[in-house]
Amino acid sequence: MCACNGCNSSGLSRRGILAAGVGALALAAEAPGARAQSARSAETPDAAFARLMEGNARYVSGEMNQRDFSAGRAARAQGQAPFAAILGCADSRVAPELAFDQGPGELFIVRVAGNFVTPEGLGSLEFGAAVLGTKVIMVLGHTSCGAVNATVEAVQKGNNLPGHIAGLVTAMKPGIEPVVKAGGTDLEQRSVVANVRANVSRLQTEKPILGDMVAAGKLKVVGAYYDLPTGKVILV
Ligand SMILES: [Zn+2]
């Protein structure tokens, strides 16, 4: 039996277990021999990122691709190959498929008010990257974010929010508190950016799946915010 730290009692390395687990998930996610024809998987993280930004440029200019949503439905039922994942806010005004001009099967989206990483959201993003093949994850904040504004106010006034809304503030506080404590103008927008950056940093280094994929150049994690008045996605 191998005595190295990476092996367990059955002699399988942690990497081996991870690979086996991901393989099983892949089988569950995709019918045998079938790969979704509706979505084109991106070749590289840079290509996936470029495709997102090109889609946003079409959206901003009002030159979105024409889509027949019924076309490709049967093919999509056989599997999925989204090229990008979005960690976005639940805000009703920020709809990723529209903002990036993408159709069904192209984006793998996790949404929660305040666009921060939760354990379940992280598991979803890991599944997207390791099993479905997303090449880029974008953490997407937005201007005038209610969850960010509530957190700024909670830090300033020390107030508590009702019910489970308090949990949002608790989760976002570490990323936003330094900005509020430092003071200055435009606190809310600077907090939007700080919140995005904190969650990008986390995803870039999260072990064992995403951090390893980023280090190997198989995945890119980027941060941006959606400007409500213009629809433009601005990198941070
Ligand atoms: Zn929001």
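Refer to the structure printed above.
Reading guide: rules and limits
- Residues numbered from 1 in each chain as written.
- Predicted model: local features only at pLDDT ≥ 70, side-chain atom pairs only at ≥ 80, totals over all residues.
- Heavy atoms only, no water.
- Helix = DSSP H or I, 4+ residues; strand = E, 2+ residues; numbered from the N terminus.
- Donors = N, O, S within 2.8 Å, 3.2 Å for Na, K, Ca; no water.
- Buried < 20%, exposed > 50% of the residue type's maximum accessible area, 1.4 Å probe, protein only.
- Axes fitted to C-alpha atoms, helices over the stretch in contact; angles between N-to-C directions.
- Parallel < 35°, antiparallel > 145°, perpendicular 65-115°, else oblique.
- Contact = heavy atoms within 4.5 Å.
- Nonpolar A, V, L, I, M, F, W, Y, C, P; charged D, E, K, R; others polar.
- Phe/Tyr/Trp six-rings, centres within 6.5 Å; stacked < 30°, edge-to-face > 60°.
- Lys NZ or Arg CZ within 6 Å of the ring centre and 35° of its normal.
- Core = buried A, V, L, I, M, F, W, Y, C linked by side-chain atoms within 4.5 Å.

Engineer: Residues and numbers for unusual backbone geometry, please.
Structural biologist: Look at the link from Lys-207 to Pro-208: it is a cis peptide, with omega at 5°. Take Pro-208: it is sitting in the loop between helix H8 (187–205) and helix H9 (210–215). Although it is not a glycine, Asn-115 adopts a positive phi angle of roughly 40°. Mapped onto the elements of the fold, Asn-115 is located in the loop between strand S2 (107–111) and helix H5 (119–132).

Engineer: I'd like a rundown of the coordination of the zinc ion, residues and numbers included.
Structural biologist: The protein atoms donating to the zinc ion are Cys-89 (SG), His-142 (NE2) and Cys-145 (SG), with metal-donor distances spanning 2.0 to 2.3 Å. Mapped onto the sequence, the donors of the zinc ion take the spacing C-x52-H-x2-C. A residue is classified by how much of its surface remains accessible, and His-142, at 1% relative accessible area, is buried. Looking at Cys-145, the relative accessible area reads 2%, which means it is buried.

Engineer: Describe in detail the packing of helix H6 (residues 146–157) against H8, supporting the description with residues and values.
Structural biologist: Interaxial distance between H6 and H8 falls to 9 Å at its minimum, and their mutual angle equals 110°. In terms of their interaxial angle, H6 and H8 are classed as roughly perpendicular. Contact with H6, carried on its side by Val-148, Asn-149, Val-152 and Gln-156, involves Leu-187, Glu-188, Ser-191, Val-192 and Asn-195 of H8 and no other residues of that element. Among the residues forming the contact of H6 with H8, the class breakdown is four nonpolar, four polar and one charged.

Engineer: Account for the environment of Ser-70, with residues named and values stated.
Structural biologist: Secondary-structure assignment places Ser-70 in the loop between helix H2 (45–61) and helix H3 (73–76). Since its relative accessible area comes to 41%, Ser-70 is described here as partly exposed.

Engineer: Break down the packing of aromatic side chains for me, with residues and values.
Structural biologist: Scanning the entire structure with this criterion turns up two aromatic pairs. On the basis of an interplanar angle of 40° and a centroid distance of 6.4 Å, the ring pair of Tyr-59 and Tyr-226 is categorised as tilted. Taken together, the residues span a long stretch of sequence, with Tyr-59 in helix H2 and Tyr-226 in strand S4 (residues 220–226) at a distance of 167 residues. With a relative accessible area of 25%, Tyr-59 lands in the partly exposed category. Between Phe-108 and Phe-127 the ring centres are 6.4 Å apart and the planes differ by 35°, which places this aromatic pair in the tilted class. Placement of Phe-108 in strand S2 and of Phe-127 in helix H5 is noted, with a sequence separation of 19 residues between them. Positioned above the aromatic ring of Phe-83 is the side chain of Arg-51, whose terminal nitrogen or guanidinium carbon lies 3.8 Å from the ring centre. Lys-220 extends its terminal NZ or CZ atom over the ring of Phe-49, reaching a point 5.8 Å from the ring centre.

Engineer: Quick one: what's the story with the nonpolar core, residue by residue and with numbers?
Structural biologist: If you look at soluble globular proteins, the nonpolar side chains tend to sit buried side by side. Of all hydrophobic cores here, the largest spans 20 residues; its most connected members are Leu-87, Leu-125, Ile-137, Leu-203, Leu-210 and Leu-219. When residues of this core are traced back to their parent elements, those giving at least two are strand S1 (84–88), S2, H5, strand S3 (136–142), H8 and H9. Of all the elements, H5 adds the most residues to this core, at five residues. Those residues in contact with Leu-210, other than ones at most four positions away along the chain, are Leu-122, Leu-125, Glu-126, Ala-129, Ile-137, Leu-203 and Leu-219. Formed by 18 residues, the second largest nonpolar core is a distinct cluster that contains Ala-42, Leu-52, Met-138 and Tyr-226.

The values reported here are purely geometric and, on their own, carry no functional implication.
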